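Chains, contacts and geometry: an overview
Here is how the chains run, residue by residue.
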2 protein chains.
Amino acid sequence: MLEKLFYPKSVAVIGASQNPEKVGYAILNNLIRHNFQGIIYPVNPKGDSILGLKTYPDINKIPEPVDMAIFAVPPAAIIRIIRESIHNIGSAIVISAGFKESGSKGVEFEKELKSLAEETAIPILGPNCVGLINTDSNLNASFAVGMPAKGNISFFSQSGALCTAILDWAIKEGIGFSKFISLGNKMDLTEIEMLKYLKDDPNTRVILGYLEGVTHGEEFIKVAKEVTQVKPVIITKSGRTGAGARAASSHTGTLAGSEHAYNTAFNQAGIIRAESMEALFDFALAFAYQPVPSGANLAVVTNAGGPGIIAADSIERSGVKMAQFSRETIESLKVFLPPTAALLNPVDIIGDAREDRYRNAIETVAKDKGVDAILVLLTPQAMSNIDSIAGVISDVYRKIDKPIFTSFMGGAMVESGRRILNKGGIPNYDYPERAVKAVEAMLKYNALKQTGKEARGIKYPVNKEKVRLIIDTCREKGEVNIPESMAIEILEAYGFRFPKRALATSAYDAAYIANKLGFPVVMKIASPDILHKSDVGGVIVDINDKQDVIKYYYDILSRVKRSVPFASIHGVAIQHMIKGGKEIIVGVSRDPQFGPLIMFGLGGVYVEVLKDVSFRIAPLNRTEAEHMVREIQMYPLLRGVRGELPSDFESIYDSIIRMGQLASDFPEIVECDINPMKVFDSKKSGCVALDARITISHK
Amino acid sequence: MLEKLFYPKSVAVIGASQNPEKVGYAILNNLIRHNFQGIIYPVNPKGDSILGLKTYPDINKIPEPVDMAIFAVPPAAIIRIIRESIHNIGSAIVISAGFKESGSKGVEFEKELKSLAEETAIPILGPNCVGLINTDSNLNASFAVGMPAKGNISFFSQSGALCTAILDWAIKEGIGFSKFISLGNKMDLTEIEMLKYLKDDPNTRVILGYLEGVTHGEEFIKVAKEVTQVKPVIITKSGRTGAGARAASSHTGTLAGSEHAYNTAFNQAGIIRAESMEALFDFALAFAYQPVPSGANLAVVTNAGGPGIIAADSIERSGVKMAQFSRETIESLKVFLPPTAALLNPVDIIGDAREDRYRNAIETVAKDKGVDAILVLLTPQAMSNIDSIAGVISDVYRKIDKPIFTSFMGGAMVESGRRILNKGGIPNYDYPERAVKAVEAMLKYNALKQTGKEARGIKYPVNKEKVRLIIDTCREKGEVNIPESMAIEILEAYGFRFPKRALATSAYDAAYIANKLGFPVVMKIASPDILHKSDVGGVIVDINDKQDVIKYYYDILSRVKRSVPFASIHGVAIQHMIKGGKEIIVGVSRDPQFGPLIMFGLGGVYVEVLKDVSFRIAPLNRTEAEHMVREIQMYPLLRGVRGELPSDFESIYDSIIRMGQLASDFPEIVECDINPMKVFDSKKSGCVALDARITISHK
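None of the values given here were measured: they were computed from a predicted structure.

Right, let's talk about the overall build of chain A for a bit. When you go through chain A residue by residue, the secondary structure sums to 24 helices and 30 strands. Buried positions account for 61% of the 699 residues belonging to chain A. Contacts in chain A between residues far apart in sequence, at least 24 positions, make up 71% of those at least 6 positions apart. Within the structure as shown, chain A displays about 26900 Å² of accessible surface, and the carbon and sulfur contribution to it stands at 52%. A gap of 2 Å separates the mean positions of the 80 positive and 79 negative side-chain charges of chain A.

In structure tokens form, the structure reads like this:
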């Protein structure tokens, strides 16, 4: 569908200009200067020719329909022209600003253009963008200065200025690109269409993106998940967190900021999130030039001790591991290395090492089965023949089946060596630490891809109809905070266990119920108007006899009436008290972008003070649920400390997955907290929910 | 004292050579080529002249004593020559390898050379180093290639290869240096002497270092603390952590790895630790070129939205703050900025901004009292006159009193602009994130400097003599694990409170004591051979009557005998049980490098699972103790959650400081844990230690 955008046979430049200061000139000039092989049609009502090309007064005067129209004219004109030339345009790039980004008038223009795109099915890039570059078709349909070398990195960006800066950088560094796409306002074509297209693009090996936000979160995850099974996607996402701005009534809602949602979504979609622009391109180089290492064991070959230690340090701090050499490897190294060399990892081949010693060392460690990838370090020393060493590394790389990364440290002395490495497809980094981080990103990609293979979502048999009925009833009454008794019914319908309980509407009723349930009991105010029952003195625990039940019944009512005089009171819930077990919290908060964000954590101070929680977007598979539990800092507490039995993990996973199922089945649920839920050990088995809170959206 | 090393009037090159492949040639050539203004004396028994200079067969044949002798001859010769020429050498650089780093023979040479240095008081740099560069005296006494520009950064490095690489980089980037020092084996002159010298060097504004370890930890902290009050010290410390290698019997000992010790030492000394070489030089540039911002509020001026958001993001993640503009600032910006500009921070002056708009925007935000520093971003756009903008920034900087940092993003298009900024003393960073981190480092320096002003160590009145007696007694007996009863006496002598207790040697004795102390009680086995009493069933808590005391007495004895048959048993300690309060841990572990490393944390699972602890090196002042408590993640728990009263913080600080005092007073104490200690709320007041363990060193 985007073939005409990336590989047009003919391009019309609407607003082509003679004036070198105009965008319409820059675009035309780029098309010509960078050897676009199709036909270029400048369109301008005035003049006969521009830059040697015959000019057409109107797109409809061009003798054939064009594959692509590039617009550098005001918004109103664009809308008019597209409307008049529907059948003559195969795809469009709207460079012009003056749309959504520029006030209410622009918003109107954009709305109109958008519905036009939908009507006509013409794919439109922009508006308000720098344009598009495809080195594979020699297409520079942008007003950016310069054209990158051919390569296998494709980059889409929500910031045009970044496109320009990165392009300039890529040209200087000689880094090759395949597609360079400025998304502009993302009115029609978004990151989703680009991901879909680039997935099948044979010239793209790694997809990079700069995004300030994502359009259609759920679709984005779905598509990205498919793409990342085929090739790596690395994205820098900027844009400040909305955490502070959200009003939430549950713990889950309070903790689930949009940054958590993005991190979670990226992880689940298999996307590597680069925390800085520098990391984005460092990672890109690794993926573009080298195969992903099949394991985490990195060998380091260096001509100096210091950089070797620096590399080892950052390996130790990362997810990468220092390879352990076999006895044979060490013996082989010994043969040709000088006596002062270090034979263990990192291999220090000493300052006077020339290309032969580098070759021998790299080939030797590459043969070791315990080595998955090699990092070669060089500092410029008197004896170092740097260019030859760079050549040897590129040469050895072609012969071995393991990825190589380098850090040639220095300035002018290593410059030509770095160029040789770049040509040889060896990613070089200014400092060893950055190389290690790139290797780490590759390993992360491997791991995410593996998890992503598992199908999303498990479906337990549940009583969906019952929940539908309760929610509809509440919505009819305009109740957004579902009364606790009903919240419990909803959760029970989805397989959660609650302790035995009943609602008392008089003190003697309460005593009777308590006696029947068995002591000790917990008493809680039952009111749809009170969300935080403890805060208003509405909860009393560990009551051991009937007299106390009667006394506390009146206590609770009077305290609550004092705090919340106008609350509607249904009575007091009496519940058998559950002792022992560990408190956990399972909840969901609906993210505006990505939907149901499931949270897991340990209850009490761990969630309140430590904010020790993990997130996933529902629906969930079992591995994801397992990872959620393992991710929290206090995980060892669940595994059991001081000789305790481990908690019933299967039951925790089950609870998390069920919460995901509930949230996926009922988009009306905005927030839900089960807090606390008690989990028992693997012998006693199971989880029991003690308190539940559900908020739904207005009808 | 090091004047003759950095500003020699005459230099002898021992081992000067005609052969361009020899180090002795490279050194002589560097001295000549980089215009050393003093007299150069090549020394070589063979030949009459080298590189046009008259050659002396022997240093003692030179007509005058030389300020500096540079050695490029074998170890044995060096030792002989120094011994024969004591009065003719003012300072020495030993370039030659073949010492400590090269086996047992070399170790002997180094020992001999070291004692010679001590005897003769000749300061010796090296051995096994690249040499020394001082741009202020046009001195290049090294075999490194090239000479950096003059500047105010000084750098010492424990890795010679890094010196070479960094030098090459500095020359290419045009970054100016004052001193460049390769420390080599640090036999005589170490980082300590360099810090002392550079502190008073008027040409050094910021001190950088690369270290793999520190010589004389306590002295290092003392000296660095003084230096950082005068100028910033930034150090990259590499070398793998020894955490795994340490055998420790206490919690403190287990958690206090050497990395913690280094981090703590650097912090207490006011040193900024750079986590990577990239960060080291990023920070250096900021300190070298700009004054430290007086506050954390950063204004961002940009010609594109994307980079502005990226900057804002990393500001939010860091210790830097986004400045809030005054109404006047916003009104002033509005006057000259186009309507589509963003007036709030970050100020987006739009893609077509030229130097005038940059000037106006920077000057305007600089006037705002709410702005402490300015970050200027540029992406190369069609209209950007980059060189002029760079010029304007340098110009504005001279007129305002606030620091400016820039990130000109891109490649060739911004290259000359970057050079102009560098000349103008404006630190430029490839990406905004790195600029923000540099600003953060400057703010951290300010904060550390402030804490460092306070005097080290508080002295409480304690019973030192008593502790001396107990420790000496134990040492006499060869007991390294001090029996609990004595450990308690030691700690009581230093002001710690323990619950009432007594030792029972029979079951009836135990019952009698328990009754006297008051129930509930805790019973604990008393044995010098058992460190982890709970593990062998040697502790029973919450015993409420005499019958139980008698029963448990026998229980404990039989359990312990089963687990540790040969333990010597003193009896069973009976202790009044303390209820309520929160568990904390206060301990000390002696670091081989830096001495007593004090640890604080919350007890129980927080220390065991979360490892939520903080460290400082004793002796401590009150602010440091306060920071230790605030640093732990669970600090809010001590402040009080759910309406609790805050803990008695003064009493916690007091305990930490007393532990520091004890550890400083008695270097024999290797490890000490008070775990748990109960801290009560600010009303009930105070801390009570429940369990104590002290290990001392062998006599």
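Between chain A and chain B, the contact holds 58 residues from the first and 58 residues from the second. Buried surface at the junction of chain A and chain B, summed over both partners, amounts to about 5100 Å²; 60% is from carbon and sulfur atoms. Where chain A touches chain B, the interface holds six salt bridges. One can count 17 residue pairs in polar contact (both at pLDDT 80 or more) joining chain A with chain B. Only α5 (160-173), α10 (277-289), α11 (305-317), α15 (412-423), α16 (432-453), α21 (605-608) and α23 (635-639) of chain A provide two or more residues apiece to the side of chain A that touches chain B. Take the side of chain A that touches chain B: its biggest share by element is eight residues, from α11(A). Among the residues forming the side of chain A that touches chain B, the class breakdown is 29 nonpolar, 14 polar and 15 charged.

What follows deals with the packing of α10(A) against α16(A). All names here are of chain A. Interhelical geometry of α10 versus α16 gives an angle of 70 degrees and a closest axis separation of 9 Å. By the angle class used here, α10 and α16 are roughly perpendicular. Pair α10 / α16 crosses with right-handed handedness. Touching E278, D282, F283, A286 and F287 of α10 are R434, K437, A438, A441, M442 and Y445, all from α16. Residues that form the contact of α10 with α16 fall into these classes: seven nonpolar, no polar and four charged.

Attention now moves to the confidence of the model for chain A. A low pLDDT score tells you not to read the predicted coordinates there in detail. All names here are of chain A. Within chain A, residue pLDDT values average 92, and 97% of them lie at 70 or more. A low-confidence stretch, residues 241-247 (pLDDT under 50), is modelled with eleven contacts involving residues beyond four sequence positions or located in other chains. In the model output, the complex is listed with pTM 0.91 alongside ipTM 0.88.

Another point: the environment of P8(A). All names here are of chain A. Along the chain, the position of P8 falls in the loop between α1 (3-6) and β1 (10-14). Assessed through its relative accessible area of 6%, P8 is described here as buried. Along the chain, P8 and N29 lie 21 residues apart, while their C-alpha atoms are 17 Å from each other. Ignoring any residue separated from it by four or fewer positions in sequence, one finds P8 in contact with E3, F36, D67, M68 and L139.

Here the structure, examined in full by the defined rule, presents zero disulfides over all chains. With no disulfide partner, C687(B) has as its closest neighbouring cysteine sulfur the one in C672(B), 14 Å distant.

All names here are of chain B. Tracing the chain through its elements places S318 in the loop between α11 (305-317) and β16 (321-322). A relative accessible area of 18% means that S318 is categorised as buried. Within the structure, S318 has its side chain in polar contact with the backbone nitrogen of V320 (distance 3.0 Å). Apart from the residues within four sequence positions on either side, S318 is in contact with V436 and E440.

Attention shifts here to the sheet that holds strand β6 (residues 92-94) of chain A. Residues and elements named next belong to chain A. Strand order in the open sheet made by the five strands is β2-β1-β5-β6-β7, with parallel pairing throughout. Whereas interior strands pair on both sides, the edge strands pair on one side only; in this sheet they are β2 (39-43) and β7 (124-125). As paired elements, β6 and β7 share two bridges and run parallel to each other. Looking at β7, one finds that A92 is bridged to I124. Where helix α2 (residues 23-33) meets the sheet, it contacts β1, β2 and β5 (68-71), and its direction lies at approximately 160 degrees from that of β1. Each of β1, β5, β6 and β7 touches helix α3 (residues 75-84); the most contacted strand, β5, lies at about 160 degrees to it.

This part is about the pattern of salt bridges. All names here are of chain A. Tallied over the entire structure, the rule returns 81 salt bridges over all chains. When the shortest N-O distance is used, the salt bridge between D395 and K399 registers 3.1 Å. Highlighted residues: D395 and K399, both in helix α14 (residues 386-399), separated by four residues, approximately one helical turn.

Quick look at the packing of aromatic side chains now. Under the definition given, this model contains 33 aromatic pairs over all chains. Taken together, a centroid distance of 6.0 Å and an interplanar angle of 40 degrees make the contact between F220(B) and F266(B) tilted. With F220(B) in helix α7 (residues 217-228) and F266(B) in helix α9 (residues 258-269), this residue pair connects regions lying 46 residues apart in the sequence. An aromatic cluster is built from F155(A), W169(A), F177(A), F180(A) and F281(A), whose rings are joined through pairwise contacts. The ring of Y460(A) has R658(A) lying over it, and the distance from NZ or CZ to the ring centre is 4.1 Å.

On to the relation of the copies chain A and chain B, then. Applying a rotation about an axis and a shift along it to one chain copy brings it onto the other copy. Structural alignment of chain A on chain B gives an RMSD of 0.1 Å, achieved by rotating through 180 degrees and translating 0.0 Å along the axis. Look at the turn and shift together and you get a two-fold axis relating the two. Most of the interface of chain A is mirrored in chain B: 100% of its interface residues are interface residues there too.

Taking 1.5 Å of rise per residue, 14 residues should cover 20 Å, and helix α14 (residues 386-399) of chain B covers 20 Å from first to last C-alpha, within 8% of that figure. Where the residues of α14(B) are buried, they touch α10 (277-289), α13 (355-367), β18 (373-378), β19 (404-408) and α15 (412-423) of chain B.

Here we come to the domain arrangement of chain A. For an interface, size is often stated in terms of accessible area lost upon the parts coming together. Split into domains, chain A comes out as domain 1 (3-204), domain 2 (292-426), domain 3 (500-576) and domain 4 (582-696). Its C-alpha centre places domain 2 of chain A at a distance of 71 Å from the equivalent point of domain 3 of chain A.

N675(A) connects to P676(A) through a cis peptide bond whose omega is 0 degrees. Its place among the elements puts P676(A) in strand β28 (residues 669-679). Unusually for a residue other than glycine, A121(B) sits at a positive phi of about 60 degrees. If you check the backbone angles, N138(B) has positive phi at about 50 degrees while not being a glycine. Here N138(B) is to be found in the loop between β8 (131-134) and β9 (139-142).

It is worth spelling out the sheet that holds strand β8 (residues 131-134) of chain A at this point. Residue and element names in this part refer to chain A. If you trace the seven strands from one edge of the open sheet to the other, you get β9-β8-β11-β10-β12-β13-β14, paired in mixed fashion. Looking at strand neighbours, the two that pair on one side only are β9 (139-142) and β14 (272-273), the edges of this open sheet. Here five bridges tie strand β12 (residues 206-211) to strand β13 (residues 233-237), and the two strands are oriented parallel to one another. From the neighbouring strand, L211 faces β13, where its bridge partner is K237. Sheet strands touched by α5: β8, β10 (150-157), β11 (177-182) and β12. Its angle to β11, the strand with the most contacts, is close to 155 degrees.

Turning next to the side chain of T164(B). On the secondary structure map, T164(B) appears in helix α5 (residues 160-173). Ignoring anything within four residues of it in the chain, the contact list for T164(B) reads P380(A) and V130(B).

Residue and element names in this part refer to chain A. At a closest axis distance of 9 Å, the pairing of helix α13 (residues 355-367) and α14 adopts a crossing angle of 25 degrees. In terms of their interaxial angle, α13 and α14 are classed as roughly parallel. Crossing of α13 against α14: the hand is right-handed. On α14, the residues touching E355, Y358, R359, I362 and E363 of α13 are S388, I389, V392, I393, D395, V396 and K399. Residues belonging to the contact of α13 with α14 are distributed by class as follows: six nonpolar, one polar and five charged.

All names here are of chain A. As paired strands, β10 and β11 are joined by five bridges and run parallel to one another. Residue pairing across strands places K150 opposite F177, the latter belonging to β11. Handedness of the β10-α5-β11 crossover: right-handed. Judged from the five bridges that link them, β10 and β12 form a sheet pairing that is parallel.

Its place among the elements puts V227(A) in helix α7 (residues 217-228). Filtering out sequence-adjacent residues up to four positions away, V227(A) remains in contact with L195(A), K199(A), I207(A) and V233(A).

This brings us to helix α20 (residues 546-563) of chain A. Residues and elements named next belong to chain A. Taking 1.5 Å as the rise per residue, α20 with 18 residues should run 26 Å; its terminal C-alpha atoms sit 26 Å apart, in good agreement. Residues V549, I550, Y553, I556, L557 and V560 constitute the buried set of α20. Lining the buried residues of α20 we find β21 (501-504), α19 (507-517), β22 (521-526), β23 (539-543) and β24 (571-576).

The rules behind each value
- Residues numbered from 1 in each chain as written.
- Chains lettered and ligands numbered in written order.
- Predicted model: local features only at pLDDT ≥ 70, side-chain atom pairs only at ≥ 80, totals over all residues.
- Heavy atoms only, no water.
- Helix = DSSP H or I, 4+ residues; strand = E, 2+ residues; numbered from the N terminus.
- Buried < 20%, exposed > 50% of the residue type's maximum accessible area, 1.4 Å probe, protein only.
- Contact = heavy atoms within 4.5 Å.
- Areas by Shrake-Rupley, 256 points an atom, 1.4 Å probe, with all protein chains shown as cover.
- Lys, Arg positive; Asp, Glu negative; His and termini not counted.
- Charge placed at Lys NZ, Arg CZ, Asp CG, Glu CD.
- Buried area = accessible area lost by both parts, 1.4 Å probe.
- Salt bridge = Lys/Arg side-chain N within 4 Å of Asp/Glu carboxyl O.
- Polar contact = N/O pair within 3.5 Å; in protein donor to acceptor, adjacent residues only side chain to side chain.
- Nonpolar A, V, L, I, M, F, W, Y, C, P; charged D, E, K, R; others polar.
- Axes fitted to C-alpha atoms, helices over the stretch in contact; angles between N-to-C directions.
- Parallel < 35°, antiparallel > 145°, perpendicular 65-115°, else oblique.
- Left-handed = near helix turned anticlockwise from the far one by under 90°.
- pLDDT = per-residue confidence, 0-100.
- Disulfide = S-S within 2.5 Å.
- Pairing = 2+ DSSP bridges.
- Phe/Tyr/Trp six-rings, centres within 6.5 Å; stacked < 30°, edge-to-face > 60°.
- Lys NZ or Arg CZ within 6 Å of the ring centre and 35° of its normal.
- Least-squares fit on C-alpha atoms with pLDDT ≥ 70 in both.
- Expected span 1.5 Å × (residues − 1).
- Domains from an automatic or database assignment.
- Right-handed = clockwise from strand over helix to strand, strands pointing away.

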